[in-house]
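Chain by chain, the residues run as shown.
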Amino acid sequence: MKNKSNLFGIAALQLRLADADNLELLLERIQKTKLRYPWVKMIVLSELALRGVGTQHARELPSPEEQAFCRSARELGIWLVPGSMYEKCGSAVFNTTPVINPQGEIVGRYRKIYPFLPYEKGVAGGDQFLVFDIPEVGRYGVSICYEIWFPETTRALTWLGAEVIIHPTKTDTIDRRDELAIVRASAVTNQCFIVDVNSAGHQGVGRSIVVGPEGEVIHEASVEEEVIPFEIDLAKVAQVRERGMKGLGQILKSFRDARVHYPQYEPGATSAAYDQLGPLKVPD
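Quick notes on the rules
Residues numbered from 1 in each chain as written. Predicted model: local features only at pLDDT ≥ 70, side-chain atom pairs only at ≥ 80, totals over all residues. Heavy atoms only, no water. Pairing = 2+ DSSP bridges. Helix = DSSP H or I, 4+ residues; strand = E, 2+ residues; numbered from the N terminus. Axes fitted to C-alpha atoms, helices over the stretch in contact; angles between N-to-C directions. Contact = heavy atoms within 4.5 Å. Salt bridge = Lys/Arg side-chain N within 4 Å of Asp/Glu carboxyl O. Buried < 20%, exposed > 50% of the residue type's maximum accessible area, 1.4 Å probe, protein only.

Caption draft 1: Examining the sheet that holds strand E11 (residues 193-197) more closely. Here we have six strands laid out as an open sheet, ordered E8-E9-E10-E11-E13-E14, and mixed in their pairing. If you trace the sheet from one side to the other, it starts and ends with strand E8 (131-134) and strand E14 (217-220), each paired once. Neighbouring strand axes in the sheet, compared pairwise and without regard to direction, differ in orientation by 15° on average. As paired elements, strand E13 (residues 209-211) and E14 share three bridges and run antiparallel to each other. Residue Ile-209 lies in a different strand from E14, and its bridge partner there is Glu-220. Running over the sheet, helix H3 (residues 151-159) touches E8, strand E9 (138-142) and strand E10 (164-168) and is turned about 140° from E10. In the packing of helix H4 (residues 176-190) onto the sheet, the strands contacted are E11, E13 and E14, and the crossing angle to E13 comes to about 20°.

Next up, the structure:
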């Protein structure tokens, strides 16, 4: 097993954002964060931080805004995950998170697989997971907001090797407390770090959370604007996955070794129980 012991600094920016063009504000906060915390090597923003909701904001990628984020990453020498933005691709619109390396290059764009339907209207779901490697550090994965309610998505990322999951979120509703429980459960059952970044102000209710591979809360934010700098050591992930959570459950090994076929994943599978749930629509 590869020994990873280098600390890696991340800053999650929980910002007071307007439902408008936030590009200049975001670039300013990114720069100030790097100047204040020079040891930070990655900065993460919240879901739809750039312009908020609405498919009318969709742009083809690469866009001038995405290129501005690339310039910022290159000038500051950081990994940058600038939340997400609506991407226009032909007649479809996706909720897309770019991942930018310190050279200012796009190493991947992740399209949200589970849009928040029926409320995230007009947004199509992607069909590919995204993991990426940070040299000499480890493997990271990306998921977006509502997807954490689907445990299959987090398990797929760790199956692909992710040790840290970057999770931009935009929650302005009463269920934020429930999401915090799901984040902690997802981290401990997948033995990974999860960086869940929500917005504040008009866009969200804050309470971003960073959780470690034993479900430990590294930081839970308030409802106000916060810059959340922290360091992670992926040796902790390797230790927990090898020895078990608190020396107990070796969850990923058990999942790997079990001989079971899940009925919901069989080709052409249907469920009489699920078929009775009715259409996916806004409640009357």
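Caption draft 2: Up close: the pattern of salt bridges. On inspection of all chains with the given rule, the structure shows 19 salt bridges. The salt bridge partner of Glu-47 is Lys-112, with a shortest N-O separation of 2.9 Å. Highlighted residues: Glu-47 in the loop between strand E3 (40-44) and helix H2 (64-76) and Lys-112 in the loop between strand E7 (106-111) and E8, separated in sequence by 65 residues. You can call Lys-112 buried: its relative accessible area is 1%. In this structure, the salt-bridge partner of Asp-257 is Arg-256, at a minimum N-O distance of 2.6 Å.

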